[in-house]
Amino acid sequence: MRPTGKLHIGHLVGALENWVALQNDYENYHLIADYHALTTNLETAELYQNSIDMLIDWLAAGIDPQKSPVFRQSQIKEHTELFLIFSMLITTARLERNPTLKDQVRDLNIENVIYGHLGYPVLQSADILLYKGDVVPVGEDQVPHIEITREIARRFNQQYGDVFPEPEAKLTKFARLPGLDGNAKMSKSAGNTLLLSESPDDIKSKLKKAVTDPQKIRKGDPGRPEVCLVYTYHQKFNPAETSEISSACKSGLLGCVDCKMKAAAKISEYLAPFREKRSYYEDNLNEVKDILKSGEEIAGKIANQTINEVREVMKLG
Ligand code: SF4
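Reading the values: rules and limits
Residues numbered from 1 in each chain as written. Predicted model: local features only at pLDDT ≥ 70, side-chain atom pairs only at ≥ 80, totals over all residues. Helix = DSSP H or I, 4+ residues; strand = E, 2+ residues; numbered from the N terminus. Rg over C-alpha atoms; globule rule 2.2 N^0.38 Å. Buried ≥ 20, exposed ≤ 12 C-beta atoms within 10 Å, placed from the backbone. Contact = placed C-beta atoms within 7 Å. Near = placed C-beta within 6 Å. Nonpolar A, V, L, I, M, F, W, Y, C, P; charged D, E, K, R; others polar. Domains from an automatic or database assignment. Axes fitted to C-alpha atoms, helices over the stretch in contact; angles between N-to-C directions. Parallel < 35°, antiparallel > 145°, perpendicular 65-115°, else oblique. Left-handed = near helix turned anticlockwise from the far one by under 90°. Expected span 1.5 Å × (residues − 1).

1. A look at the overall build of the protein
Moving on, step 1. Each helix and strand in the protein was counted, giving 14 helices and four strands.
Moving on, step 2. For 317 residues, the compact-globule estimate of 2.2 N^0.38 gives 20 Å, and the protein sits close to it at 21 Å.
Moving on, step 3. Principal-axis analysis of the C-alpha atoms places the extent of the protein at approximately 75 × 45 × 35 Å.
Moving on, step 4. Taking all 317 residues of the protein together, 36% fall into the buried category.
Moving on, step 5. Counting only contacts in the protein whose residues sit at least 6 apart along the sequence, the fraction spanning at least 24 positions is 75%.

This is the structure in structure tokens:
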């Protein structure tokens, strides 16, 4: 995950909850992709602080560093070496067809795509394959990158010998939550997020401004929950009441203001344990830094073993 600072509920639903659940069944590795952050923003002054803020969110969400090492990409040099080797195994035409890149270029109004941005799925392939990942828990938008990773692994294995697995994407049922403005994706750049660390009052005031069914102007009007993002939030954070809310919305008995406040209360309740853990780590920053250091030692050893294996099959000496 790229370190863009504090995380939002879209990250929780699309990635974090999946990661936490997988800890019981898999040997997990969690990468703070700080080099990837440079593909869209060259400013590095806040990169470290953003990495720490994000790591605190991971820990508060239940990532257990004893089971799942956490580390920064920039601290393990093997990522860049494998990236270089992998960049010889894929064409620019293939990378230009990447639909995720096209979406980013459109969403961020990028006029000229830099080489590093075009090639970031290749760096991502190195991030995954350095640890010989079999399964990659990702959001929908990252699925094309897993396909590129599989192609690179296959190409490498055919050319030099069997070193890498072909990893598979693992999606959650709720892989994407819409933003508060109705945009299909919640994202910091669109300014439509609800942060995991948000207070109950902030959740309420943000929900108040959320976009709903445009045809439901006042309480008595019949609504369409299927087009309303607040209803999607109810499905995730208030599943027990969804059928009741759906009927009351459709019949006009339920107004949007009440429905939003109900959703705000449920989201606050859901995030309460998270906020408590977050504040513990904020008060114990040295513990967070030690967790990172130890994760980087573990990841560094594995990365070194893999790169030695790569050099051996490539006869690089
Ligand atoms: S009542 Fe609730 S589900 Fe229906 S349109 Fe309003 S906010 Fe959406």
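On we go from here.
2. With respect to the site of the ligand
Moving on, step 1. What surrounds the ligand is a group of 13 residues, the closest being Gly223, Cys228, Cys249, Cys256 and Cys259.
Moving on, step 2. Among the elements of the structure, α11 (229-237) and α13 (256-283) are those that each provide at least two residues to the shell around the ligand.
Moving on, step 3. Sort the elements by how many residues they give to the shell around the ligand and α13 lands first, with three residues.
Moving on, step 4. The residue inventory of the shell around the ligand, partitioned by class, reads eight nonpolar, two polar and three charged.

3. Observations concerning the domain arrangement of the protein
When the parts of a complex come together, some accessible area is lost, and that lost area is often taken as the interface size.
Moving on, step 1. The domain architecture assigned to the protein consists of domain 1 (9-177 + 285-313) and domain 2 (200-278).
Moving on, step 2. The distance between the C-alpha centroids of domain 1 and domain 2 comes to 34 Å.
Moving on, step 3. Opposite the eight residues of domain 1 that make contact, domain 2 presents five residues.
Moving on, step 4. No other element matches the five residues that helix α3 (residues 47-61) contributes to the side of domain 1 that touches domain 2.
Moving on, step 5. Considering only residue class, the side of domain 1 that touches domain 2 consists of seven nonpolar, no polar and one charged.

4. Examining unusual backbone geometry
Moving on, step 1. With phi around 55 degrees, asparagine 109 is a residue other than glycine that occupies positive phi space.
Moving on, step 2. Its location among the elements puts asparagine 109 in the loop between α6 (99-107) and α7 (115-118).
Moving on, step 3. Judged by the 6 C-beta atoms lying within 10 Å of it, asparagine 109 is exposed.
Moving on, step 4. Located in the positive-phi region is lysine 132, a residue other than glycine, with phi close to 50 degrees.
Moving on, step 5. Tracing the backbone shows lysine 132 in the loop between α8 (120-129) and β3 (135-137).

5. Remarks on the packing of α8 against helix α9 (residues 143-160)
Moving on, step 1. Where α8 contacts α9, the two axes come as close as 9 Å, and the packing angle between them is 70 degrees. In terms of orientation, α8 lies roughly perpendicular with respect to α9. Of the two possible hands of crossing, α8 and α9 adopt the one that is right-handed. Residue-level inspection shows Pro121, Val122, Gln124, Ser125, Ile128 and Leu129 of α8 in contact with α9, the latter providing His145, Ile148, Thr149, Ile152 and Ala153.
Moving on, step 2. Class assignment of the residues belonging to the contact of α8 with α9 gives a composition of seven nonpolar, four polar and no charged.

6. Structural notes on α13
Moving on, step 1. Its 28 residues place the ends of α13 38 Å apart at the C-alpha level, agreeing with the 40 Å of an ideal helix rising 1.5 Å per residue.
Moving on, step 2. Burial in α13 covers these residues: Cys256, Cys259, Lys260, Ala263, Ala264, Ile267, Leu271 and Arg278.
Moving on, step 3. Here the buried face of α13 lies against α3, α10 (200-208), α11 and α12 (242-251).

7. Focus on the environment of proline 121
Moving on, step 1. Locating proline 121 in the fold gives a position in helix α8.
Moving on, step 2. When the 24 C-beta atoms within 10 Å are taken as the criterion, proline 121 is described as buried.
Moving on, step 3. Sequence-wise, proline 121 and glycine 300 are 179 residues apart; in three dimensions their C-alpha atoms are separated by 21 Å.
Moving on, step 4. When sequence neighbours within four positions are dropped, the list of residues in contact with proline 121 reads Leu95, Asn98, His145 and Ile148.

8. Points about the packing of helix α4 (residues 78-86) against α8
Moving on, step 1. With their axes 8 Å apart at the nearest point, α4 and α8 run at an angle of 125 degrees to one another. With respect to each other, α4 and α8 are oriented oblique. When you trace α4 past α8, the crossing you get is right-handed. Every residue of α8 that contacts α4 at His79, Leu82, Phe83 and Phe86 is listed here: Val122, Leu123, Ser125, Ala126, Asp127 and Leu129.

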